[in-house]
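Summary of structural features
Now for the letters of each chain:
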Amino acid sequence: MIELEGVPELIDPVMVAAFEGWNDAGDAASAAVAHLEREWKGEVFAALDAEDYYDFQVNRPTVFMDGGVRKITWPTTRLSVVRVGGDKPRDLVLVRGIEPSMRWRSFCNELLGFAHELGVELVVVLGALLGDTPHTRPVPVSGVTSDPDLAERMNLEETKYEGPTGIVGVLQEACTHAGVPAVSLWAAVPHYVSQPPNPKATLALLNRLEDLLDLRVPQGELPEDARAWQVGVDQLAAEDSEVAEYVQTLEEARDTAELPEASGEAIAREFERYLRRRDVGPPPPGGHATADGGDGGSYLRDAPGGKTRPPRPPRPDTSDGVEGDDEDGSED
């Protein structure tokens, strides 16, 4: 049961949601919502009943000590509200939780009932998938919707995806059927370095959210964390010549695919984004959902004895381009 007591009247509210699990490669999406809560000091005011939606043998509760008293934290989905100041203040309703184990339709209906009660005007669901994208280039972020009018108005892609889906896709479709405008933002995470955290992908999602909602997100330490992450992956990849060759192949495919985008209009758009963010820090250097809908594994992972070293990936087939950057591959 959702409790709405103590929630003030909201200004132009937008719901921003992310869920740990299959839709959250590198924990990039859930970390983005956690960042918004932290930077804007959001306070949790409601939570869904964990008993209704979670298998505790899959998502186990945790025990902790509070003033000498043992307490249990149950896996669930929690809700908070933050107010974004500025010339045009507005409220964000933040939803952060774990992909439910069961009763997905009831889960979505509860969230939609909550959105209706608070007058939410738009739902934005964040996700991250594994793709054939190099860690050395800017993180591709796709914005998709099932609403053709919304796609045209907000410069988004109308999703054509068919295949396995997660709670992000189910929630978006539930919003569409309920007449609530909904958008999904998907970051592509390199499949060969999929373990969390991935601050570079988190930062890319937040930058895309800024553009979508026309607001300023405090970046905190994320740009520095993103640079450190990339340097670390560079060092790991350099330990194996085949991994380095594979990354170079992905870079060449990505650069070739993006060459037509190097137009005056595209450059002007990027320069405008840079100017909007120039006072909040420089941009970083250039089992989850995958571009083909399957499950992905990690190539760079801890080896026995604690030494981390990238094993040899399979030889890539680049005849079809970069799958991770293909909009049609985005899980909706």
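This text goes with the structure placed above it.
Note that the structure is a prediction, hence the values are computed from the model and not measured.

1. Considerations on the overall build of the chain
The helix and strand inventory of the chain stands at nine helices and twelve strands. Taken over 332 residues, the chain has a buried fraction of 48%. Split by element, the accessible area of the chain, about 16600 Å² in all, is 48% carbon and sulfur.

2. Some thoughts on the sheet that holds strand 8 (residues 141–145)
Taking strand neighbours across the sheet as the criterion, the eight strands line up as 2-5-6-1-7-10-8-9 in an open arrangement whose pairing is mixed. If you trace the sheet from one side to the other, it starts and ends with strand 2 (43–47) and strand 9 (157–158), each paired once. Sheet analysis places strand 2 next to strand 5 (residues 78–84), joined by four bridges and oriented antiparallel. Its bridge partner being in strand 5, Val44 is matched across the sheet by Ser80. Seen against the sheet, helix 1 (residues 28–39) touches strand 1 (14–20), strand 5, strand 6 (90–98) and strand 7 (122–131) and runs at an angle of roughly 135° to strand 6. In this fold helix 3 (residues 104–118) packs onto strand 1, strand 2, strand 5 and strand 6, with an angle of close to 155° to the strand it touches most, strand 1.

3. Notes on the pattern of salt bridges
Taken as a whole, this structure holds five salt bridges when the rule is applied. Its salt-bridge partner being Glu251, residue Arg137 comes within 3.8 Å of it at the nearest N-O pair. One end of the pair, Arg137, is in the loop between strand 7 and strand 8; the other, Glu251, is in helix 8 (residues 241–258), with 114 residues separating them in the sequence. You can call Arg137 partly exposed: its relative accessible area is 22%. A single salt-bridge network, built from bridges that share partners, covers Arg137, Glu251 and Asp255.

4. So, helix 3
The end-to-end C-alpha separation of helix 3 is 21 Å, in line with the 21 Å expected for 15 residues at 1.5 Å each. When we look at burial in helix 3, the residues that qualify are Phe107, Cys108, Glu110, Leu111, Leu112, Phe114, Ala115 and Leu118. Buried residues along helix 3 sit against strand 1, strand 2, helix 2 (50–53), strand 5, strand 6 and helix 5 (167–177). Phi turns positive, to about 75°, at Gly119, one or two residues after helix 3.

5. Observations concerning the side chain of Gln219
One can find Gln219 in the loop between helix 6 (199–213) and helix 7 (222–238). Polar contacts involving the side chain of Gln219 include one to the side chain of Asn207, which spans 3.1 Å.

6. Re the nonpolar core
Core analysis: the biggest nonpolar cluster contains 39 residues, and Val16, Leu92, Val124, Leu126 and Leu213 have the highest contact counts within it. The leading source of residues in this core is helix 6, at eight residues. With residues near it in sequence (within four places) discarded, Val124 still touches Val14, Met15, Val16, Ala17, Val183, Leu185, Leu209, Leu212 and Leu213. Tyr53, Leu118, Ala174 and Cys175 belong to the second-largest nonpolar core, a separate cluster that totals 38 residues.

Definitions and cut-offs
Residues numbered from 1 in each chain as written. Predicted model: local features only at pLDDT ≥ 70, side-chain atom pairs only at ≥ 80, totals over all residues. Heavy atoms only, no water. Helix = DSSP H or I, 4+ residues; strand = E, 2+ residues; numbered from the N terminus. Buried < 20%, exposed > 50% of the residue type's maximum accessible area, 1.4 Å probe, protein only. Areas by Shrake-Rupley, 256 points an atom, 1.4 Å probe, with all protein chains shown as cover. Pairing = 2+ DSSP bridges. Contact = heavy atoms within 4.5 Å. Axes fitted to C-alpha atoms, helices over the stretch in contact; angles between N-to-C directions. Salt bridge = Lys/Arg side-chain N within 4 Å of Asp/Glu carboxyl O. Expected span 1.5 Å × (residues − 1). Polar contact = N/O pair within 3.5 Å; in protein donor to acceptor, adjacent residues only side chain to side chain. Core = buried A, V, L, I, M, F, W, Y, C linked by side-chain atoms within 4.5 Å.

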